[in-house]
Amino acid sequence: MSSYINIHKKQNSLYGSVSITGSKSVSNRLLILKAIYTDDIQIENLSNSEDTQILKKNLNSASNIMDIHHAGTAMRFLTSYLSVQEGKEVILTGSNRMKERPISVLVEALKKLGSEIIYLEKVGYPPIKIFGKKIFGGEIDINAKISSQYISSLMLIASTFQMGLKIYLKEKITSIPYIKMTFDLLILAGIKAFWKDKIIHIYPGKETGKKYFSIESDWSSASYYYSMVTIAKKSHITLSSYKNESLQGDREVSSIYEKYFGISTIFDKKNRITLNKRFNFIPPRIIHLDLNKTPDLVQTIVVTCSALGIKCHLKGLETLKIKETDRLRALKNELFKFGIKIKITNSCLEITDFFQKKINSKIIKTYQDHRMAMSFSPFGLLYPIQIEDPNVVEKSYPDFWKDLKYLGFSIDYYEE
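Residues numbered from 1 in each chain as written. Predicted model: local features only at pLDDT ≥ 70, side-chain atom pairs only at ≥ 80, totals over all residues. Heavy atoms only, no water.

1. As for unusual backbone geometry
Point 1. Residue proline 127 is reached from proline 126 by a cis peptide bond, and omega for that bond is 5 degrees.
Point 2. Looking at the secondary structure, you find proline 127 in the loop between strand E6 (116–119) and strand E7 (128–131).
Point 3. Put simply, serine 240 and serine 241 share a cis peptide bond, and its omega is -5 degrees.
Point 4. Here serine 241 lies in the loop between strand E13 (234–240) and helix H8 (253–261).
Point 5. Even without being a glycine, glutamine 368 presents a positive backbone phi close to 60 degrees.
Point 6. Note that glutamine 368 resides in the loop between strand E20 (363–364) and helix H11 (370–376).
Point 7. A positive phi angle, near 45 degrees, is found at aspartate 389, a position not held by glycine.
Point 8. Note on placement: aspartate 389 falls in the loop between strand E21 (385–388) and helix H12 (400–406). (Helix = DSSP H or I, 4+ residues; strand = E, 2+ residues; numbered from the N terminus.)

Right, here's the structure in full:
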C-alpha cells in the first residue's frame, strides 16, 4: 500500500514561529562519545529524528544483530564503534538501499588498524559482521573525497586506541564542515586533537572537558523555511534555537540565501532567528555555487531556483549519488514534471531551461529520501502538489508536516 499527501497553501504568504529539535549531526556524534565516556557526557535537546533514535537504540542494545534500516550515519558510526567493543560480535545490516551504499573505505581502514570485519553478502557493502577487539592504533591514509562520515567515524573512536590515530587525508576533502564539527566536539569533550592541512591527529585518552551539551537546532531543517520565505510573496518566520557561532556547516544557508535570494537572518538574545525578505532585491539570472562543503543544501537550493525561474550551475556534488538515493538523478526526474530541464554529471547539476508544462497533480516521488520530500514542499505555496511516502521525513525531521500545518498549509493524507 502506498501513501501520499496533498499539500497547498491558499494564500501565498507565510507567518509564524517554529521550534526545531537538536541537530541530527551533532546529536549522532555526541551519542557515540557518550557511549564511550558514559559518565562524562550529558546531552540536552537531542534530535528526535529517526536516524538519531535508531543510533541511540542500537547503542543501548545487547543484540548481536543490529538493523539500522535507512540510517546511513548509524551504519558508518556503529561500524567503528562496534569494532572497539572487546569480545562483542555483531551483524550490522540495513534496508535494501543501505545494502547498495558502499562502506569499503571505512571497513578497509579499520581492518588496516587491526579490526576484524567481514562482508556477509556483497564485498564492499553491508551487511557486515564485526568482531570487537582492542585496537592499537597508529596511522592511516583515507580517501577524503568519498564521504566525510568515514573520517568522522574513525575520529570519534580514535581516543580509545592505545596509540591514538593519525589520519592522512588523500584527494580533495568533501563536506569539510562535518569533519570540523567532529573535531570541535572532540576538543570540547576533553580529547586532545590536532589538525593541520590534511593531517588529523587524535591522541589517546580523555581529559576533563565540557560535560553538559545543549544541542543547537538543525540548520539543514531550517533550510526548507529559507526556501519557503523566498518563494512566498509575504513572509516573516521565526525559528529556534540557533546560534550565530555554530558547529554546523549548514549554517552557510543563511549566507547563501542572503546573497542570492535576498533573505535576511536576524539573531536575537534568546537564540532565535527571524527570516525576512529584503525589499526591492533583484536575484541573479543564474547562480553559480560550489556546494562541496554543504551537500545537504543542494535539493533545497535547486527547488528554490526552480520555483523562481532562476537558472543555476552547482558543482562539488560528488557525494549525492551515494546518499539515500541518487539525488542528482532524482532531482532531474521530478523537476521535469514541473517543466524544468536539468543537466547532470557525476559532480554537477545545471538548470538549463524552463518550458511550458501543465502541472496536473503529479505525485512527487521521494525515493526513500527525506530531503526530497521536504525540499519539494515549498512548491505548495504556488499550487497544490502531491508528495509520496510522507513518513520518510521521520528520518531527520518527524514534525515537519505538523509544523507546516501550523503555518497554515493544507495537508491531506491518502493511501491507495
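There is more to say after this.
2. Here we look at the pairing of strand E18 (residues 340–344)
Point 1. Of the two faces of E18, only the one carrying Ile340, Ile342 and Ile344 is buried; Lys341 and Lys343 on the other face are not.
Point 2. Alignment of E18 against strand E19 (residues 348–354), held across five bridges, turns out to be antiparallel. Directly across from isoleucine 340, in E19, lies its bridge partner phenylalanine 354.
Point 3. In textbook terms, the turn of a hairpin is the stretch between consecutive antiparallel strands, and for E18 and E19 this stretch comprises three residues. (Buried < 20%, exposed > 50% of the residue type's maximum accessible area, 1.4 Å probe, protein only. Pairing = 2+ DSSP bridges.)

3. Some details on the side chain of glutamate 216
Point 1. By the element assignment, glutamate 216 lies in the loop between strand E12 (212–214) and helix H7 (219–231).
Point 2. Among the polar contacts made by the side chain of glutamate 216, one reaches the main-chain amide nitrogen of lysine 243 at a distance of 2.8 Å.
Point 3. Apart from the residues within four sequence positions on either side, glutamate 216 is in contact with Gly22, Ser23, Asn45, Ser241, Tyr242, Lys243, Ser246, Leu247 and Gln248. (Polar contact = N/O pair within 3.5 Å; in protein donor to acceptor, adjacent residues only side chain to side chain. Contact = heavy atoms within 4.5 Å.)

4. Structural notes on the pairing of strand E16 (residues 286–290)
Point 1. Of the two faces of E16, only one is covered, namely that formed by Ile287 and Leu289; the face formed by Ile286, His288 and Asp290 stays uncovered.
Point 2. Sheet topology places E16 next to strand E17 (residues 311–315); five bridges connect them, and they run parallel. Bridging from a neighbouring strand, leucine 289 pairs with leucine 314 of E17.
Point 3. Viewed along the sheet, the connection from E16 through helix H9 (residues 298–308) into E17 turns out right-handed. (Right-handed = clockwise from strand over helix to strand, strands pointing away.)

5. A short note on the sheet that holds strand E10 (residues 193–196)
Point 1. Here four strands make up an open sheet; going across it, the order is E8-E9-E11-E10 and the pairing mixed. The outermost strands of the open sheet, each flanked by one partner alone, are strand E8 (138–143) and E10. Going from strand to strand, the sheet's axes swing by 15 degrees on average, the running direction of each strand aside.
Point 2. Note: strand E9 (residues 165–170) against strand E11 (residues 199–202), four bridges, orientation antiparallel. The partner of lysine 166 across the bridge, within E11, is histidine 201. (Axes fitted to C-alpha atoms, helices over the stretch in contact; angles between N-to-C directions.)

6. Looking at the confidence of the model for the protein
Point 1. Chain-level statistics for the protein give a pLDDT mean of 93 and a share of 98% at 70 or above.
Point 2. Per-element confidence in the protein is highest for E7, whose mean pLDDT is 98, and lowest for E20, whose mean pLDDT is 90. (pLDDT = per-residue confidence, 0-100.)

7. Topic: the environment of valine 18
Point 1. Locating valine 18 in the fold gives a position in strand E2 (residues 13–19).
Point 2. Among the residues examined, valine 18 registers a relative accessible area of 3% and is labelled buried.
Point 3. A sequence separation of 207 residues divides valine 18 from tyrosine 225, and the C-alpha atoms of the two residues are 9.5 Å apart.
Point 4. Setting aside its immediate chain neighbours within four residues, valine 18 contacts Tyr225, Thr238, Leu239, Ser240, Tyr397, Asp403 and Leu407.

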